[in-house]
Amino acid sequence: MSRDESSVGQRYVERRPVAGLADMVSTVWVQQIGADAPAYRHRNLPHGGTEVVCAMGAPPQVVGPLTGPYVEVLAPGTTVVGMRLRPGAGAALLGVPPSELVDLSVPADALWGRPGTALGDQVCAAASPAAALAALQRGMLARRSADADPDPLVTEAVRLLMPGRSSGVAALPGLLAVSERHLRRRCHAAVGLGPKALHRTLRFQGFLAMAQQAFATGRSRDGLAELALRAGYADQAHLTRECVRLTGATPRAFLAESADACACGGHDHAASYQPMLAGSFKNATGAAS
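Reading the values: rules and limits
- Residues numbered from 1 in each chain as written.
- Predicted model: local features only at pLDDT ≥ 70, side-chain atom pairs only at ≥ 80, totals over all residues.
- Heavy atoms only, no water.
- 1 Å grid on protein atoms, 1.4 Å probe; cavity = no way out; pocket = protein on both sides within 12 Å on 5 of 7 lines; lining within 4 Å.
- Points joined across faces, edges and corners; volume = space filled by probe spheres on them.
- Helix = DSSP H or I, 4+ residues; strand = E, 2+ residues; numbered from the N terminus.
- Salt bridge = Lys/Arg side-chain N within 4 Å of Asp/Glu carboxyl O.
- Phe/Tyr/Trp six-rings, centres within 6.5 Å; stacked < 30°, edge-to-face > 60°.
- Buried < 20%, exposed > 50% of the residue type's maximum accessible area, 1.4 Å probe, protein only.
- Lys NZ or Arg CZ within 6 Å of the ring centre and 35° of its normal.
- Contact = heavy atoms within 4.5 Å.
- Expected span 1.5 Å × (residues − 1).
- Arc of directions from axis to C-beta.

Draft legend 1. Inspection of the layout of surface pockets at higher detail. Put simply, the largest pocket is a space of about 780 Å³. In this structure, the largest pocket is lined by 41 residues; those nearest its centre are Y12, Q31, H42, R43 and N44. Among the elements that line the lining of the largest pocket, the one with the most residues is helix 12 (residues 251-262), at six residues. Around the second largest pocket, the lining is made up of 24 residues, and of these S26, R86, P87, V158 and M162 lie nearest the centre. The set of elements that each furnish at least two residues to the lining of the second largest pocket consists of strand 2 (25-33), strand 7 (79-85), helix 6 (152-161), helix 9 (195-217) and helix 13 (270-277). A total of four residues in the lining of the second largest pocket trace back to one element, the largest contributor, which is helix 13.

This is how it looks when you write it as structure tokens:
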């Protein structure tokens, strides 16, 4: 980190993964806390997938599917690289069912043994944050097995539940030609969440995508009622309940916190939020509660 960068509170840049991981990984990122900045309170939110995260100098961690916010404090001078796996792709790369990792952060060596330790060593030996992120991707690509593809039924269910594309959870069994019970079992095994919980999580991610687009274009943070309806909520009160459940804060408080964190200009969330915009939700209808 340069002298100028060391005084910046936090920098966070997302990118698309390497081609060999693109079908299983939605984004990769580098997060840096300035050496002269105060400790940073980082709020991890549910997104339906799992993550592999490595703070340089520390063992890699596997973060399972979240059902609520997971807050951690990052010390000044910390550099973190990570990747976010798509919902349903966890078992294929991690070798562990996501259902066993819900709301947990587990050291990679506890799951993979010596390969987990070796991955941490490779990341920490990198000469730069970009090289550390490349090492993380190489290590995870090496874990991929030719016969360890995600469950195709769940992959299609996730596609149908993405913001702006969903006909609602109730329609999924008919669209996929399976029973509700069978779908719930397969989804829970592959994602760690049932279809309804996954739908609620993805819907909120859609709302965040619109809010992030507003930050990026300099638009006002007002208009929550309109954003709530466009994202598929019954009304603003419905959005507020879900926001408190998933972030621990009201929408206005959470968006104000996010705007403050992004104010330095060292943030780029486009890789994760752009796919969630789905044509600005022009076709979104009411969503299940």
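Draft legend 2. Broad picture of the pattern of salt bridges. Taken as a whole, this structure holds ten salt bridges when the rule is applied. In this structure, the salt-bridge partner of E242 is R200, at a minimum N-O distance of 2.7 Å. Within this pair, whereas E242 is found in helix 11 (residues 236-247), its partner R200 is found in helix 9, the two being separated by 42 residues in sequence. A cluster of three or more residues bridged by salt bridges with shared partners is formed by R200, R203, E242 and R245.

Draft legend 3. Representation of the packing of aromatic side chains in the model. Across all of its chains, the model carries two aromatic pairs by this definition. With centroids separated by 5.7 Å and ring planes inclined at 35°, the aromatic side chains of F204 and F207 adopt a geometry described as tilted. Here F207 and F204 lie together in helix 9, a separation of three residues that amounts to about one turn. Summarising the burial analysis for this pair, F204 and F207 share the class buried. The aromatic ring of W112 is capped on one face by R143, whose charged end is 4.0 Å from the ring centroid.

Draft legend 4. Molecular detail of the side chain of T50. With respect to the helices and strands, the residue T50 is situated in the loop between strand 3 (40-44) and strand 4 (51-55). Aside from chain neighbours lying at most four places away, what touches T50 is V63, G64, P65, M83, R84, L85, G90, L94 and P98.

Draft legend 5. Structural view of helix 8 (residues 180-191). Helix length check: helix 8 (twelve residues) gives 16 Å between terminal C-alpha atoms against 16 Å at 1.5 Å per residue, within 8%. If you check which residues of helix 8 are buried, you get L183, C187, A190 and V191. For helix 8, the angular spread of the buried residues around the axis is 80°, confining them to a single face. Residues of helix 8 that are exposed and point over 90 degrees away from its buried face: R181 and R185. The secondary structure elements touched by the buried residues of helix 8 are helix 6, helix 7 (172-176) and helix 9. Phi for G192, located one or two positions after helix 8, is positive at around 95°.

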